[in-house]
Structure formats: C-alpha cells, structure tokens
Amino acid sequence: RCHETWIIQATCKVGEQPAERGQHAEAATAYLRAAEEFPEDERSRQAVYNAGLERQRAGDLGGAAEAYELLIDRYPGSSEGALGAWAGAQMYESIAQFSDAARFYESYGRHFREAEKAHEATYNAVLLRMTANDNDEAIVVGRYYLERYPRHENADDVYFFIGRAHEGNEDWSEAADTYREYVRRTRDQDRKVEAQTRLAQVLARGGDERASAAALEQAVRTARRQRR
C-alpha cells in the first residue's frame, strides 16, 4: 500500500511539472495515467479533476468534458465530482453552448444533491434548456426541480418555464394547465399578466375561444389592479 502511495504521488508530480511550464496537454495525460493506475486511491479524484482543468487550459474542451464526465460517473457524491460538474457547466456556458452547459448543471443537481450549489445548478439547467429551446429536456428537469424544491421561491418561475416549454412543443392542453397552475401560485403580478395572456393564446390555438376570451379579460383585470 505504501508502495502504491509513493507511485501515485510521483505520477501526480509528473503532471504538475508540465502544468507549471504551460504544457497543459502533457500534464492532463500524466494526471489521467495516475488516476487510471490507482482508481481507488482518494487522490485519483483530484487527478481526474486536474486533468479536466489542464485540457480546458489547452483549449481541448471536448477532452475536458470527457474528464469531467469520468469524474462524475466514477465518483458520485464526491466534492471533486461536484467541482468537475460545475467546471464543465461553466466552461460550456462561457461559450454559449447552452445545451451542454445544462447537461452538466443537471448532472450536478442529480449526482451531488447535498453539494453547496445543487439548487443553483438545477435551476440553471432549467433556464438554459429553455434558452436552447430544448423543450422536452426543460420539462423533464423542470419537473425534477419541482419534486426536489417544491417550496423554493424560484419554484413559481419553473412552473412558468415548463408552460413555455409545452407551448414551444405546441402541446396546448399541457401548456394551458401549467399556466393555470402558475397563475394560481404566483404573487408576481406582472408575470401573472403575461401568463394569463399566454394562457389565452394557447387556449385559442387549442380551439377554445370562449376560455381564451375569459383568460384575456382576467389578464386585463389583473393589469388594471397592478397599475393602480
């Protein structure tokens, strides 16, 4: 056991040296070699995380993502795994690849539920799925959010996002039901007017003109109360 400890320490040192010289790809290779040789050693988690960072610094975003995904899959619940999931999400969000960023945020929220940023990551996943027009994925992660954080102050927003996703899928009935639930829950009067207006639109698209007109009338009443 001591022999293995010395070996992984030495191999990680081999990664640190090229990293300090700016040879990031070589450093990543050395870190991954250490992690593969001794996957059960607790320092392997840090080695895989370091490999992801070094690949990212080398401009190899695909390779960095692979390292972060390995970290998430191999060490769920670990602090290093949570760091890797967050790093992957931030990496892709910084270049506006929102679907990939959302995937990493969702991994953070699902695999590291007790980690510090689990709520923020799950909410970001919903928001970025909406931004990317990934409607089906937005609905799935939105429902997960509501199961996990039903009383959080952002839960109402997530209901609204789910309604938008159903609307984007032209699922008028589901969109209408979700907007109704949002209107019932929210205290944000401005957003309530928008939801009532959208409810009217999806009801009209679904062929229910009478209900659509009633929803528009309610939107007007809400707006007048808000103006006062």
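Not measured: the values here are computed from a predicted model. (Residues numbered from 1 in each chain as written. Predicted model: local features only at pLDDT ≥ 70, side-chain atom pairs only at ≥ 80, totals over all residues. Heavy atoms only, no water.)

A. The arrangement of the side chain of Glu167 in detail. Mapped onto the secondary structure, Glu167 falls in helix H9 (residues 155-168). When sequence neighbours within four positions are dropped, the list of residues in contact with Glu167 reads Trp172, Ala175, Tyr179, Arg198, Gln201 and Val202. (Helix = DSSP H or I, 4+ residues; strand = E, 2+ residues; numbered from the N terminus. Contact = heavy atoms within 4.5 Å.)

B. Molecular detail of the pattern of salt bridges. This structure, assessed with the given rule, holds 15 salt bridges. Across the pair Glu181 and Arg184 runs a salt bridge, and its minimum N-O distance is 2.6 Å. Here Glu181 pairs with Arg184, and both are found in helix H10 (residues 172-185), just 3 residues apart, close to one helical turn. Each of the salt bridges in this network shares a partner with another, and the network as a whole consists of Asp157, Glu167, Arg191, Glu194 and Arg198. (Salt bridge = Lys/Arg side-chain N within 4 Å of Asp/Glu carboxyl O.)

C. Structural detail: the packing of aromatic side chains. Under the counting rule described, the total for this entry stands at 10 aromatic pairs. Geometrically, the ring pair formed by Trp86 and Tyr108 is edge-to-face, given 5.7 Å between the ring centres and 70 degrees between the ring planes. Taken as a pair, Trp86 in helix H5 (residues 79-94) and Tyr108 in helix H6 (residues 98-111) lie far apart in primary sequence, 22 residues in all. Each member of the pair, Trp86 together with Tyr108, is buried. Relative to Tyr149, the ring of Tyr145 lies with its centre 5.2 Å away and its plane at 50 degrees, an arrangement referred to as tilted. (Phe/Tyr/Trp six-rings, centres within 6.5 Å; stacked < 30°, edge-to-face > 60°. Buried < 20%, exposed > 50% of the residue type's maximum accessible area, 1.4 Å probe, protein only.)

D. Spotlight on unusual backbone geometry. Positive phi is not limited to glycine here, since Ala96 has a value of about 65 degrees. Classification of Ala96 by relative accessible area gives partly exposed; the value is 46%. Even without being a glycine, Glu170 presents a positive backbone phi close to 60 degrees. Note on placement: Glu170 falls in the loop between H9 and H10.

E. Spotlight on the side chain of Gln196. Among the structural elements, Gln196 can be located in helix H11 (residues 189-205). In this structure, Gln196 is in contact with Val183, Ala215, Gln218, Ala219 and Thr222, ignoring residues within four places of it in sequence.

F. H6, seen in detail. In this model, H6 (14 residues) spans 20 Å end to end at C-alpha, consistent with the 20 Å of a helix rising 1.5 Å per residue. Residues Ala101, Ala102, Phe104, Tyr105, Glu106, Ser107, Tyr108 and Gly109 constitute the buried set of H6. As for H6, its buried residues are in contact with helix H4 (61-74), H5, helix H7 (118-131) and helix H8 (135-148). (Expected span 1.5 Å × (residues − 1).)

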